[in-house]
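So the chains spell out like this:
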Amino acid sequence: MTETLPSSTDARLVDLPVEPIRAETFAPYGTLIESAYDGKPFGDDEAQLTLDRGTPRFYIMKLERREPVFRQITRHLAVTQCLASAGGRPWMIAVAPPDAPDDPAAPPDITRLRAFRVEGHQAIMLARGTWHAGPFFEDETVDFFNLELADTNVVDHHNCALDRRFGVRYRFVTG
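Residues numbered from 1 in each chain as written. Predicted model: local features only at pLDDT ≥ 70, side-chain atom pairs only at ≥ 80, totals over all residues. Heavy atoms only, no water.

**Q** Just checking my understanding: could you explain the sheet that holds strand β6 (residues 81-85) for this structure?
**A** Each strand in a sheet pairs with another by means of backbone hydrogen bonds, the pair being arranged parallel or else antiparallel. Overall, antiparallel pairing links the five strands, which are arranged β2-β9-β6-β11-β3 in an open sheet. Among the strands making up the open sheet, the edge pair consists of β2 (30-33) and β3 (56-64). Put simply, the sheet's adjacent strands are angled 20 degrees from each other on average, direction ignored. Alignment of β6 against strand β11 (residues 141-149), held across four bridges, turns out to be antiparallel. Within the sheet, the bridge partner assigned to Leu-83 lies in β11 and is Asn-146. (Pairing = 2+ DSSP bridges. Helix = DSSP H or I, 4+ residues; strand = E, 2+ residues; numbered from the N terminus. Axes fitted to C-alpha atoms, helices over the stretch in contact; angles between N-to-C directions.)

Right, dumping it as structure tokens:
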């Protein structure tokens, strides 16, 4: 007998409240990076990067505005990923914890899915294996600083179709 999976159009739309990002609430997913004076000693409040599994790539990616709804979530098992708005624009991202970061078949824990608003003067580091959807934003286009590996989007792009696996899709809800 073949299992029938729900189609994208049958998936239940779930509102996902967007909360302001804070270091302590974002900690299960990665690190919030905020400005610090030059010369500050390295500490636990800073990004602990994993870039030793390939060639690091730092680039500016241009993204176009999309409807703030998602049905797929992604993670990278070989690298931490750093993201920041290059133009100082606010943006949103949904994340689920990096459970089982060495198991490519492990699904996201959608009961722990959260959405954050990242201000234009902040950056984030996603922990290795953190599930994420975004960035999402209100402007027509936004450039983002992105630090990952040169081949992240080719060989380390693990996706989960939330609509097919769990029968849900999510909508960012602000205010």
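**Q** Whenever I open this one, the pairing of strand β10 (residues 131-136) confuses me. Can you help?
**A** Each regular strand displays side chains that alternate between the two surfaces of the sheet. Among the six residues in β10, five count as buried, and that is most of the element. Where strand β7 (residues 91-96) and β10 come together, four bridges link them in antiparallel fashion. Bridging from a neighbouring strand, Ala-96 pairs with Trp-131 of β10. (Buried < 20%, exposed > 50% of the residue type's maximum accessible area, 1.4 Å probe, protein only.)

**Q** Can you help me understand the packing of aromatic side chains in this one?
**A** The description of two aromatic rings rests on the distance between their centres and on the angle between their planes. Scanning the model with the defined rule gives 10 aromatic pairs in all. Relative to Phe-144, the ring of Trp-91 lies with its centre 5.2 Å away and its plane at 85 degrees, an arrangement referred to as edge-to-face. With Trp-91 in strand β7 and Phe-144 in strand β11, this pair connects stretches of sequence that are 53 residues apart. Considered together, Trp-91 and Phe-144 belong to a single accessibility category, that of buried residues. (Phe/Tyr/Trp six-rings, centres within 6.5 Å; stacked < 30°, edge-to-face > 60°.)

**Q** When you look at the nonpolar core in this model, what are you seeing that I'm missing?
**A** Where a protein is soluble and globular, its nonpolar side chains tend to be buried together. In terms of nonpolar packing, the biggest core is built from 18 residues, with Phe-70, Ile-73, Leu-113, Tyr-170 and Phe-172 touching the most fellow members. Of all the secondary-structure elements, those providing two or more residues to this core are β1 (12-20), β7, β10 and β13 (168-173). Core analysis: the second largest hydrophobic core is formed by 17 residues, Tyr-29, Phe-116, Leu-126 and Phe-137 among them. (Core = buried A, V, L, I, M, F, W, Y, C linked by side-chain atoms within 4.5 Å.)

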